[in-house]
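Notes for the structure review
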Amino acid sequence: MTGMQIELGPPEQVFDMLGAIMGSILAMSAGMSDTVLMLDSALIIEGQSCSLSFLLIPSADGVEGLLAQLGLG
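Residue indices follow the written sequence of each chain, beginning from 1 at its first position. Local features are withheld for residues below a pLDDT of 70 in this predicted model, meaning they are given only at 70 or higher, and side-chain atom pairs are given and counted only at 80 or more; totals for whole chains, interfaces and linings count all residues. Derived side-chain values reflect all non-hydrogen atoms in the structure, with water molecules and hydrogen atoms excluded from consideration.

Here's the deal with the overall build of the protein
Helix and strand labels come from DSSP, where a helix needs a run of H or I of at least four residues and a strand needs a run of E of at least two; each type is numbered from the N terminus. The secondary structure content of the protein amounts to two helices and two strands. Taking all contacts inside the protein whose residues are at least 6 apart in sequence as the whole, residues at least 24 apart take part in 43%. Here the accessible surface of atoms and residues is derived via Shrake-Rupley with a 1.4 Å probe, and residues count as covered only by protein chains that are part of the display. Accessible surface, the protein as shown: approximately 6300 Å² in total, 60% of it carbon and sulfur. What makes two residues a contact is simply this: any of their non-hydrogen atoms within 4.5 Å.

A closer look at a nonpolar patch on the surface
Only residues whose relative accessible area exceeds 30% and that form no salt bridge are eligible for patches; like-charged ones are grouped when within 9 Å, while nonpolar side chains (Val, Leu, Ile, Met, Phe, Trp, Tyr) are grouped when within 5 Å. Any carboxyl oxygen of Asp or Glu that lies within 4 Å of a side-chain nitrogen of Lys or Arg is treated as forming a salt bridge with it. Nonpolar side chains collect at one region of the surface, where M4, I6, L8, L37, L39 and F54 lie side by side and expose about 530 Å² of accessible area between them. Take L39: it is sitting in strand β1 (residues 37–45). With a 1.4 Å probe rolled over the protein chains alone, any residue whose accessible area is under 20% of its type maximum counts as buried; one over 50% counts as exposed, and the rest are partly exposed. Taking relative accessible area as the criterion, L39 reaches 43% and is therefore assigned partly exposed.

Comments concerning unusual backbone geometry
For E46, which is not a glycine, the phi torsion comes out positive at approximately 50°. Tracing the sequence through the fold places E46 in the loop between β1 and β2 (48–56).

Observations concerning the pairing of β2
We call two strands paired when DSSP finds no fewer than two bridges between them. Judged from the nine bridges that link them, β1 and β2 form a sheet pairing that is antiparallel. If you follow M38 over to β2, its bridge partner there is L55. Hairpin geometry of β1 and β2 is characterised by an intervening segment of two residues between the two adjacent antiparallel strands and by a positive phi of about 50° at E46.

A look at the environment of L8
Looking at where L8 falls in the secondary structure, it is placed in the segment before α1 (18–28). Classification of L8 as exposed rests on a relative accessible area of 55%. Taking the C-alpha atoms as reference, L8 lies 9.8 Å from I57; in sequence the two are 49 residues apart.

Regarding the confidence of the model for the protein
Summarising the model, the protein shows a mean pLDDT of 78, and 89% of its residues fall at 70 or more. Each residue carries a pLDDT value, the predictor's own confidence for that position, ranging from 0 to 100. At the low end of the mean pLDDT range in the protein sits helix α2 (residues 60–69), at 76; at the high end sits β1, at 85.

A closer look at the environment of A68
Here A68 is to be found in helix α2. Between the C-alpha atoms of A68 and T2, which are 66 residues apart in sequence, the distance is 9.1 Å.

A word on the environment of M38
Checked against the element boundaries, M38 lands in strand β1. The class of M38 is partly exposed, set by a relative accessible area of 44%. Taking the C-alpha atoms as reference points, M38 and S53, 15 residues apart in sequence, are found 6.8 Å from one another.

So, in structure tokens, the structure goes:
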């Protein structure tokens, strides 16, 4: 949709209190960006409920480029 090549890190599965999870994520990305994209999903697969969250922490340059490609920058 944007024509951009986005390199994602490997997925991680984490179980803890939300504050602890966000604290560790923000500590790892300190100084990179103050913007994140978080997507939540709720699915039903073969009768079983499944929910997941996707968190994208782009670099500062990445945010500007992404918004520009979407016509929002």
